[in-house]
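Each chain, written out:
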Amino acid sequence: QVQLVESGGGLVQPGGSLRLSCAASRFTFSIWTLSWYRQCPGKERELVADISTTGGRTNYADSVKGRFTISRDNAKNTMYLQMNSLKPEDTAVYYCRARRFGYSDVWGQGTQVTVSS
């Protein structure tokens, strides 16, 4: 069974930083496009950033541009989200997603990020 597992969430003060990780198992990680999403209570899940199979192309939501950086290490089957200058409105459950044409999407279980003083 393919699996994605997020880690690295927690409580951080405004202006602080966190790095999320998404570890994959049981599938060929390097040929899947990867994304980070987040969901705040009472809101729909939204795309934060995505990254191409080789890492050569990235895309960010306007709300996180210049503060967040998505990356991947295909040798380690792991994707990352470096989050800097965090704001209270970044508080959410963060999910990773893997997608590939012709296959069902794979989602992680989520990791909570709370930005509060």
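Keep in mind that this is a model prediction, so the values were computed, not measured.

When helices and strands are tallied, the protein chain shows zero helices and eleven strands. Put simply, the protein chain runs from its N terminus to its C terminus through helices and strands in the order β-β-β-β-β-β-β-β-β-β-β. The C-alpha radius of gyration computed for the protein chain amounts to 14 Å, which stays within 12% of the reference 13 Å derived for 117 residues, consistent with globular compactness. Each principal axis of the C-alpha atoms in the protein chain carries an extent, and together these give about 40 × 25 × 25 Å. Across the 117 residues that make up the protein chain, the buried fraction comes to 42%. Here the contacts in the protein chain between residues at least 6 apart in sequence split such that 53% fall between residues at least 24 apart. Put simply, the protein chain shows about 6300 Å² of open surface, and 46% of that area lies on carbon and sulfur atoms. Taking the average place of the 14 positive charges on the side chains of the protein chain and the average place of its 9 negative ones, the gap between the two points comes to 5 Å.

Here we take up the packing of aromatic side chains. Counted according to the given criterion, the structure contains two aromatic pairs. Over the aromatic face of Trp107 sits the side chain of Arg45, whose NZ or CZ is 4.7 Å from the ring centroid. Over the aromatic face of Phe29 sits the side chain of Arg72, whose NZ or CZ is 4.9 Å from the ring centroid.

What counts and what doesn't
Residues numbered from 1 in each chain as written. Predicted model: local features only at pLDDT ≥ 70, side-chain atom pairs only at ≥ 80, totals over all residues. Heavy atoms only, no water. Helix = DSSP H or I, 4+ residues; strand = E, 2+ residues; numbered from the N terminus. Rg over C-alpha atoms; globule rule 2.2 N^0.38 Å. Buried < 20%, exposed > 50% of the residue type's maximum accessible area, 1.4 Å probe, protein only. Contact = heavy atoms within 4.5 Å. Areas by Shrake-Rupley, 256 points an atom, 1.4 Å probe, with all protein chains shown as cover. Lys, Arg positive; Asp, Glu negative; His and termini not counted. Charge placed at Lys NZ, Arg CZ, Asp CG, Glu CD. Phe/Tyr/Trp six-rings, centres within 6.5 Å; stacked < 30°, edge-to-face > 60°. Lys NZ or Arg CZ within 6 Å of the ring centre and 35° of its normal.

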